[in-house]
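Residues per chain are reported as follows:
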Amino acid sequence: MSEAEETAMETPKFSAPGTLAPVLSDMWDKEQSWKLATYKANGGYRAIGKAWEMLKDDPAGITNFIKASALRGRGGAGFPTGLKWSFLPPADGGPRYLVVNADESEPGTCKDVPHLMANPHLLIEGIIICLMAVGGHHGFIYLRGEVVHVYRRLLAAVREAREAGYLGAHLGPNGDYDIDITVHAGAGAYICGEETALLDSLEGFRGQPRLKPPFPAAEGLYARPTVINNVESISSIPGIINNGVEWFTAMGANTKNSRGHGIFSISGHVKRPGQYEAPFGITMRELLELAGGIREGHELKFFAIGGSSAPLFTPDKLDVPLGYEEVVEAGSMLATRAIQVFDETVSVVRVVSRWTDFYQHESCGKCTPCREGTFWLKQIMHRLEEGKGHEGDIELAYELCNNIQGRSFCALGDAAATPIKSAIDLFRSEFEAGYHTPARELFPIEKSVVFPAVKSEVNA
């Protein structure tokens, strides 16, 4: 057999991407999908051998491969993953770490927890490959403390991987590489989703953001070079290694620079809420169709395309391709793809008021704009929701948002201010009604409730 024929046999052939792309979610419906045996039976841990081959001739082989795939961080910012890895300084003989941010906690965001419950070994394999790429030996998974069931599942998966010889000492083709993983449960602070606050919490300090620079790539965990990536980002690594750059970049080819697959979490007033893994570039109209459309007898009013921290979208944005640049150009942020859908029975004032409660409660208090600003925004939003708004409250809220945005120590302040400004811009008349009429009278809560049991409690 000729060399060309051998190469052709080794190169996998793939059909064109479809509307959905179940890659990370492909095993979710398998029996005991979280078990090592199930993962291996479905091709798990094969990418590690390929990754070692990449390192034979080039220590940066894996990193360059991930760079070529154009994988971007799936935690919200969309920063190129391989580029982030390359920022680590040259090896100096000291430790280098990977920290996986699993502190999923923003309202509406719900992609990482079901993934970790269904297939934790995919993340573990991704961690192993990332550590190989950056010359690290210890990875940490920082998990939100309230999800105890996920914590237990991750601990069990790490134990299985260690017992099977994928973690521990004497790894690799030469038996000279050590890799270990620590699963750490936080104490339930949203601020610890910010990467440097996460590092402080992991080190045992109060979770508050650090001043940058220095950036984590230079001085991160224990003041050592550190890569910090989201669960979905690291879980995407084995698929790229196994299937190749062309396979990955074929998905999202209709976007400017958003390649690959992503989990879109759809909740709210749709018939089939859930997780929809699709190529980037899919539209909200297509996702709505997959989710069964708006509940019977109602129509779409607005939706949060990137979670509660991003500007709102109205029905005129249904055909925007869901890529990072495309959504920004349309006036919002794709972020974690936590899509919350609201029909005409919903008060936008009430929705934003609940989000403001969350951000005020979760503000760490380190900086004045966020600490004081979210406190006063909460008071204003409650007045407007109750129909007791003071003259000038809308203008005051908008001014407070402007004083918070770009002036807080981290992005939490921006997250609190952004939906308020967006909602005022799009639905000012509802805010003006808050000067004299409670939101519950304009939009009775029982009409928005989806589940009958909850509706009976509201009426009671």
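Reading guide: rules and limits
Residues numbered from 1 in each chain as written. Predicted model: local features only at pLDDT ≥ 70, side-chain atom pairs only at ≥ 80, totals over all residues. Heavy atoms only, no water. 1 Å grid on protein atoms, 1.4 Å probe; cavity = no way out; pocket = protein on both sides within 12 Å on 5 of 7 lines; lining within 4 Å. Points joined across faces, edges and corners; volume = space filled by probe spheres on them. Helix = DSSP H or I, 4+ residues; strand = E, 2+ residues; numbered from the N terminus. Nonpolar A, V, L, I, M, F, W, Y, C, P; charged D, E, K, R; others polar. Pairing = 2+ DSSP bridges. Contact = heavy atoms within 4.5 Å. Axes fitted to C-alpha atoms, helices over the stretch in contact; angles between N-to-C directions. Buried < 20%, exposed > 50% of the residue type's maximum accessible area, 1.4 Å probe, protein only. Polar contact = N/O pair within 3.5 Å; in protein donor to acceptor, adjacent residues only side chain to side chain. Salt bridge = Lys/Arg side-chain N within 4 Å of Asp/Glu carboxyl O. Patch = residues over 30% accessible without salt bridge, like charges linked within 9 Å, V, L, I, M, F, W, Y side chains within 5 Å. Areas by Shrake-Rupley, 256 points an atom, 1.4 Å probe, with all protein chains shown as cover. pLDDT = per-residue confidence, 0-100. Core = buried A, V, L, I, M, F, W, Y, C linked by side-chain atoms within 4.5 Å.

K.L.:
Would you explain the layout of surface pockets in this entry?
P.N.:
Empty pockets left among the atoms are what a rolling probe the size of a water molecule brings to light. Its boundaries defined by the atoms lining it, the largest pocket holds a volume of some 1,400 Å³. Along the walls of the largest pocket sit 47 residues, with Gly75, Gly76, Ala77, Gly193 and Glu194 positioned nearest its centre. If you list the elements that add at least two residues to the lining of the largest pocket, you get strand S5 (226-230), helix H14 (324-329) and helix H18 (411-426). Partitioning the lining of the largest pocket into residue classes produces 20 nonpolar, 16 polar and eleven charged.

K.L.:
What is the right way to read the sheet that holds strand S6 (residues 261-268) from this model?
P.N.:
Strands pair in a sheet through their backbones, by hydrogen bonds, and they do so in one of two ways: parallel or antiparallel. Across the sheet, which stays open at both edges, the five strands sit in the order S7-S6-S10-S8-S9 with mixed pairing between neighbours. If you trace the sheet from one side to the other, it starts and ends with strand S7 (274-279) and strand S9 (312-313), each paired once. Pairing analysis gives six bridges linking S6 to S7, with the strands arranged antiparallel. Considered in S7, the bridge of Ile266 is made with Gly274. On the sheet, helix H15 (residues 348-362) packs against strand S8 (300-304), S9 and strand S10 (338-343) and is oriented at approximately 15° with respect to S8.

K.L.:
I would appreciate a short explanation of empty space enclosed by the protein in the present structure.
P.N.:
In total, this model carries two cavities of 30 Å³ or more according to the counting rule given. The calculated volume of the largest cavity comes to roughly 70 Å³. Forming the boundary of the largest cavity are 14 residues, of which Ile191, Cys364, Cys367, Cys370 and Cys410 lie nearest the centre. Listed by contribution, the elements that provide at least two residues to the lining of the largest cavity are helix H16 (368-385) and H18. Classifying every residue of the lining of the largest cavity gives eight nonpolar, four polar and two charged. Here the second largest cavity defines a volume of roughly 40 Å³.

K.L.:
Could you clarify how one ought to interpret the environment of Asp112 in this entry?
P.N.:
Take Asp112: it is sitting in helix H6 (residues 112-118). By relative accessible area, Asp112 is classed as buried at 5%. At 3.1 Å, the side chain of Asp112 and the side chain of Asn230 are in polar contact.

K.L.:
I'm lost on the pattern of salt bridges in this one. Help?
P.N.:
It is possible for side chains bearing opposite charge to pair when their charged atoms get close. Counted under the stated rule, the structure contains 24 salt bridges. Between Arg210 and Asp200 there is a salt bridge, and its shortest N-O distance comes to 2.6 Å. With Arg210 in the loop between helix H9 (195-202) and S5 and Asp200 in helix H9, the pair connects residues that are ten residues apart, well separated along the chain. The exposure class assigned to Asp200 is buried, which follows from its relative accessible area of 15%. Among the salt bridges present, the one from Arg354 reaches Asp357, with a minimum N-O distance of 3.3 Å. Pair noted here: Arg354 and Asp357 are both in helix H15, with a separation of three residues, about one helical turn. Counted as one network, the salt bridges with shared partners bring together Lys111, Asp112, Glu232 and Arg337.

K.L.:
Help me understand a nonpolar patch on the surface, please; the structure alone is not making it clear to me.
P.N.:
Taken together, the side chains of Phe79, Leu83 and Phe87 make up a nonpolar region of the molecular surface, amounting to roughly 260 Å² of accessible area. If you trace the backbone, Phe87 turns up in the loop between helix H5 (81-86) and strand S1 (97-102). According to the relative accessible area criterion, Phe87 is partly exposed, its value standing at 45%.

K.L.:
Help me understand the confidence of the model for the protein chain, please; the structure alone is not making it clear to me.
P.N.:
Residues with a pLDDT of 70 or more make up 95% of the protein chain, whose mean pLDDT is 94. Within the model, the stretch residues 1-9 combines pLDDT values under 50 with two contacts to residues more than four positions away or in other chains.

K.L.:
Can you walk me through the environment of Asn119 in this structure?
P.N.:
Inspection of the secondary structure puts Asn119 in the loop between H6 and helix H7 (120-134). In the structure, Asn119 is positioned 93 residues away from Asp26 in sequence and 9.4 Å away in space, judged by C-alpha atoms. Excluding residues that lie within four positions of it along the chain, Asn119 makes contacts with Leu24, Met27, Ser33 and Tyr39.

K.L.:
Got a minute to help me understand the sheet that holds S5 in this structure?
P.N.:
Taken in spatial order, the five strands line up as S3-S4-S2-S1-S5 in an open sheet, and their pairing is mixed. Two strands bound the open sheet, and with one partner strand each, they are strand S3 (168-171) and S5. Taken over all neighbouring pairs, the strand axes of this sheet differ in orientation by 20° on average, direction set aside. In this structure, S3 lies alongside strand S4 (residues 177-185), joined through two bridges in antiparallel fashion. Directly across from Leu171, in S4, lies its bridge partner Tyr177.

K.L.:
Whenever I open this one, the nonpolar core confuses me. Can you help?
P.N.:
In summary, soluble globular proteins display a tendency toward joint burial of nonpolar side chains. Counting 58 residues, the largest nonpolar core has Ile62 and Trp85 as its most contacted members. The dominant element in this core, judged by the number of residues it contributes, is H7, at eleven residues. Once you skip the residues sitting within four places of it in the chain, Trp85 turns out to touch Ile62, Thr63, Ile66, Cys130, Ala133, Val134, Val227, Asn229, Ile234 and Ile237. Judged by nonpolar contacts, the second largest core, of 47 residues, contains Tyr97, Tyr190, Leu198 and Leu384.

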